[in-house]
Amino acid sequence: MTDTLTTVLDGRWAELKTRLRERMAATKPPDTIGLDMESHRAQVLQQLHELAEAGHSKVSDDVGGSVISFQMLGYGDLSLMVKAGVQWGLFGGAVQMLGTERHEGYLRDIVSLDLPGCFAMTETGHGSDVQHLRTTATYDDGHFIVDTPDLGARKDYIGNAARDGRMAVVFAQLITGGREYGVHAFMVPIRDEQGRPMPGVRIEDCGPKAGLNGVDNGRLWFDHVRIPQEALLNRYGDVTQDGQYTSPIESDSRRFFTMLGTLVRGRISVAGGAGSATQRALTIAVRHAETRRQFRRPGGDEEVLLLDYLAHQRKLLPALATTYALHFAQEELVAMLHEVQSARVPDERAQRQLESRAAGIKALATWHATSTIQAAREACGGAGYLAENLLPALKADTDVFTTFEGDNTVLLQLVAKGLLTDYRDNFADLSPLATARLVAEQVMAAVLERLPARTLAESSDLRDRAWHRQLFADREEHVLAGLARRLRAAAGGDPFDAFNDAQDHVLRAGRVHIDRLVLDAFVNAIEQCADEATQALLNQVCDLYVLSNVEADRAWFLEHGRLSPARAKKVVAEVNVLCKQLRPHATTLVDAFAIPEQYLP
Ligand SMILES: Cc1cc2nc3c(=O)[nH]c(=O)nc-3n(C[C@H](O)[C@H](O)[C@H](O)COP(=O)(O)OP(=O)(O)OC[C@H]3O[C@@H](n4cnc5c(N)ncnc54)[C@H](O)[C@@H]3O)c2cc1C
C-alpha cells in the first residue's frame, strides 16, 4: 500500500523524484546543529557546489522538473534549499526570463556556480509594493548609472549578498531622456573575483536571522555605479544607443506586471518547499506518536500510545489530510507552470490564472507549514524541542516562507482581484490607485452575472463527495458575489476606502477559492489512482480534509444557513470518527512521502 500511495503522490515527475531520492539516500547530510553562522554558510556553499557538480540545476527545458528538484531539497537543510533557490531559481530565473540572447553566456556560469549571484528586488522602504522601488538606473551615453538615492532605497534582505554573490540582478527605475519608464532589471557586478566589493558598491551583512542562517542575506547600496548598456535585461524593454526607450508593451504598469509574472516559478517553488518541510515534520511526529506511551489504561498493563488519544489524532491527522490535499494542488500547479512556460505561443490568460493560483497556493501551503510544524513540535513534547529531533530548525527556517516570495496577505488579495476582474490585464496591480479604479469602474459587476445561482442540495451522507464539492463551490461563489455587491454598494464613496473596508472579505474570497481548487485537485488525483484499496484510503483522507475544513469554518456555514446547528455538530463528530478510522493508517500515510531515512531523526 505504501508504494502505491507513493506512486500516486509522485505523479507526473515520479521518475525524477525516484532519481533524486536515490541520490539523497546515497549520502548522509552534514549536521547543522550547533554550527555558528559562518560555518553554516560555508557548509551550505560547499553543498551548493556539490549540487552544481552533480548537475542538480541542469534541468534544461524541464520547467516542472526544476521545481520538483527544488522541492526535494526541502527534505534537507532548508538553508541549502533557499540558497539554491536564490542562485538558480531567482538569479538564474531572472536572467533567463527577462534577458535575451546577449545574456545567454551568463546562464552557463550561473548553472555551474562560477558566477554566484543575487536577486536584488526588495528595498528597506518597499517590500510588497515593488512597483515603487526607488533605486534608479539612468541612461547615460551607452551606460546606465545605478544609484541608491536614499536610505529607504538600499536593497535589503538580499540572499547571497552578504558573502558569496558576485553579480546581482538589480531591480531599478529605468530613466532615460529625463523620463521614468518603471522598474527594470540590470546585471550589476557587486564583487570582484577576490570577493572585494566593486567600486561604488557598499555591502552590509543582515546578520543572524530567526532561521535560514546558512544563507547570507545582505544589504546593498549603489553610489553612481556605471554599468554597460547591455547589462539591462532587455526582453520587455530596451534603450537604443541614442537613449530612446522601446518596448513591445506600451503601458509601464502592464510591462512591469508582465515581467513580474514571468518570475512566478520562485513562488511555486516556495510552496513546494513548504510542502516538503511539512511532510518531514509530520513523519517525525507520527513516528514519535507510534512509539511514545503516556499513562496507563485502567486495568491494563501497558501504557497508551500517544496516537491512540483522540486529541493527538486531531493534532496530526487533519493536518496530514490537508498536507495530502495541498500536495495534489501543488502537483497540478507545477504541471500548469510547465504547460504555460513551455508553450510555443504564450497564452496570456493562462499565465494570469497561473499567477493567481501560484499566489494562493503559496499562501495556504506556507501558512499550513508553520501551523503544522508547530503542532508537530508540541506533539513530540519536550523531545520536539531538542535540536537533534529537527523540529526547532524546521520551525525557524519555514517561518519566513509566509513573507518572502510575496507576503501571504498581499498574495491572497491578488487572488481575489483575479477573481473580481476575471483575470483581466493588470489584475496583479495592488496599488491603491489600481484597486480604487477596480471599484470605481465596477469591474466586479461582471462577477455577479458570471456566477450561477446555485441551490445547495442537502445530503444525508456527510461523506458524499458531490455534496463536498457543492459545499466548497457554493461557499466560494457566495463569498465572491457578496464581495462584489459590497464593493458596488460602496462605490459612490472613496473607492480606495471601499476596497480597504472590505479587506476581510477580500481575503476570505481568495482563501475559499483556493480551498475549492485544492479539493478539485485531490478529487482528480483520487480518480487517477487505479488501485482500489489505495483509492479507498485516499477517499477517507479526502473526507477528513473536507470535513476538518468545514469544521474550522463552521461559523460561516452556520451564519449563512449552509449547515443547520445539528448538522454542524455531526461534522465535528464525523471528524472524530475519521481520525479513529485513519489512525491505523497514519504510518502508511507518512511513509508514502518516502523521505530518505537519513533526513529523519
Ligand atoms: C530571510 C529573507 C530572505 C529574503 N530574500 C530576498 C531576496 O533574495 N531578494 C529580495 O528581493 N527580497 C528578499 N526578501 C524580502 C522579502 O521578499 C520581503 O520581506 C517581502 O516581500 C515583504 O516585504 P516587507 O518585508 O517590506 O514587508 P511589508 O510589505 O512591509 O509587509 C509588512 C506587513 O504589512 C502587511 N501589508 C503590506 N501591504 C499590505 C496591504 N496592501 N494590505 C494589507 N496588508 C499589507 C503585510 O501583510 C505584512 O504583514 C527576503 C526576506 C527575508 C526575511
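The paragraphs below set out a description of the structure included in this document. In this text, all values refer to a predicted model and were calculated from it rather than measured experimentally.

## Let's talk about the overall build of the protein chain
A count of helical and extended segments in the protein chain gives 21 helices and 13 strands. The C-alpha atoms of the protein chain give a radius of gyration of 25 Å, which matches the 25 Å a tight globule of 601 residues would have. On the protein chain, roughly 24800 Å² of surface is accessible, and the fraction owed to carbon and sulfur atoms is 51%. Averaging the locations of the 65 positively and 80 negatively charged side chains of the protein chain gives two centres separated by 4 Å.

## Overview of the side chain of T588
Inspection of the secondary structure puts T588 in helix α21 (residues 586-591). When near neighbours in sequence (up to four residues on either side) are disregarded, T588 contacts M1, T2 and L5.

## Looking at the pattern of salt bridges
Considering all chains together, one arrives at 40 salt bridges under this definition. The salt bridge involving K17 is made with E331; its shortest N-O contact spans 2.9 Å. Highlighted residues: K17 in helix α2 (residues 14-25) and E331 in helix α9 (residues 310-342), separated in sequence by 314 residues. Overall, the relative accessible area of 3% leaves K17 in the buried class.

## Describing the nonpolar core
Core analysis: the largest hydrophobic core is formed by 190 residues, its most contacted members being F171, Y324 and F522. Looking at this core element by element, the count peaks at 16 residues for α9. Once you skip the residues sitting within four places of it in the chain, F171 turns out to touch L98, F119, A120, M121, E123, L133, T135, K155, V183, H184, A185 and L263.

## Topic: the environment of A358
Looking at where A358 falls in the secondary structure, it is placed in helix α10 (residues 348-379). We classify A358 as buried; its relative accessible area is 0%. Each C-alpha atom, one on A358 and one on A329, is 10.0 Å from the other, the two residues being 29 residues apart in sequence. Not counting the four nearest positions on each side in its chain, A358 is found in contact with V264, R267, I268 and L333.

## Focus: the environment of V334
Its place among the elements puts V334 in helix α9. We classify V334 as buried; its relative accessible area is 1%. When sequence neighbours within four positions are dropped, the list of residues in contact with V334 reads W13, G64, V67, I68, Q71 and I268.

## Examining the site of the ligand
Of all residues adjacent to the ligand, which total 17 residues, the nearest are F119, M121, T122, S128 and D407. S128 places a side-chain nitrogen or oxygen 2.6 Å from an oxygen atom of the ligand. About the coverage of the ligand: the protein hides 66% of its 980 Å² of free accessible area. Counting only elements with at least two residues in the shell around the ligand, the list comes to β4 (155-158) and α12 (408-421). Ranked by residues supplied to the shell around the ligand, first place goes to α12 with 3 residues. Residue classes in the shell around the ligand are distributed as 7 nonpolar, 9 polar and 1 charged.

## A word on helix α11 (residues 391-398)
Inspection of α11 places L391, L394, D397 and T398 among the buried residues, and these make up the whole buried set. Seen along its axis, α11 keeps its buried residues to an arc of 135°; they face one direction. Looking at the buried residues of α11, the elements they touch are α5 (78-98), α8 (264-289) and α10.

## A word on the side chain of E331
The buried category is assigned to E331, whose relative accessible area is 12%. Apart from residues no more than four positions distant in its own chain, E331 is found in contact with L9, D10, G11, R12, K17, I68 and Q71.

## Structural notes on helix α7 (residues 252-262)
Along α7, the residues that are buried comprise S253, R255, F256, F257, M259, G261 and T262. Contacts made by the buried residues of α7 are with α5, β6 (179-189), β11 (245-246), α8, α9 and α10.

## What about the packing of aromatic side chains?
What the rule picks out here adds up to 11 aromatic pairs. Between the aromatic rings of F328 and F522, the centroid separation amounts to 5.2 Å while the plane-to-plane angle is 45°, which identifies the pairing as tilted. Taken together, the residues F328 in helix α9 and F522 in helix α17 (residues 503-528) connect sequence positions 194 residues apart. Each of the two residues, F328 as well as F522, counts as buried. The interplanar angle of 25° and the centroid separation of 5.5 Å between the aromatic rings of F401 and F404 together place this pair among those described as stacked. Residue classification places F401 among the buried residues on the basis of a relative accessible area of 1%. Overall, the relative accessible area of 26% leaves F404 in the partly exposed class.

Parameters and conventions
- Residues numbered from 1 in each chain as written.
- Predicted model: local features only at pLDDT ≥ 70, side-chain atom pairs only at ≥ 80, totals over all residues.
- Heavy atoms only, no water.
- Helix = DSSP H or I, 4+ residues; strand = E, 2+ residues; numbered from the N terminus.
- Rg over C-alpha atoms; globule rule 2.2 N^0.38 Å.
- Areas by Shrake-Rupley, 256 points an atom, 1.4 Å probe, with all protein chains shown as cover.
- Lys, Arg positive; Asp, Glu negative; His and termini not counted.
- Charge placed at Lys NZ, Arg CZ, Asp CG, Glu CD.
- Contact = heavy atoms within 4.5 Å.
- Salt bridge = Lys/Arg side-chain N within 4 Å of Asp/Glu carboxyl O.
- Buried < 20%, exposed > 50% of the residue type's maximum accessible area, 1.4 Å probe, protein only.
- Core = buried A, V, L, I, M, F, W, Y, C linked by side-chain atoms within 4.5 Å.
- Near = heavy atom within 4 Å.
- Polar contact = N/O pair within 3.5 Å; in protein donor to acceptor, adjacent residues only side chain to side chain.
- Nonpolar A, V, L, I, M, F, W, Y, C, P; charged D, E, K, R; others polar.
- Arc of directions from axis to C-beta.
- Phe/Tyr/Trp six-rings, centres within 6.5 Å; stacked < 30°, edge-to-face > 60°.

On their own, these measurements won't tell you what the molecule is for.
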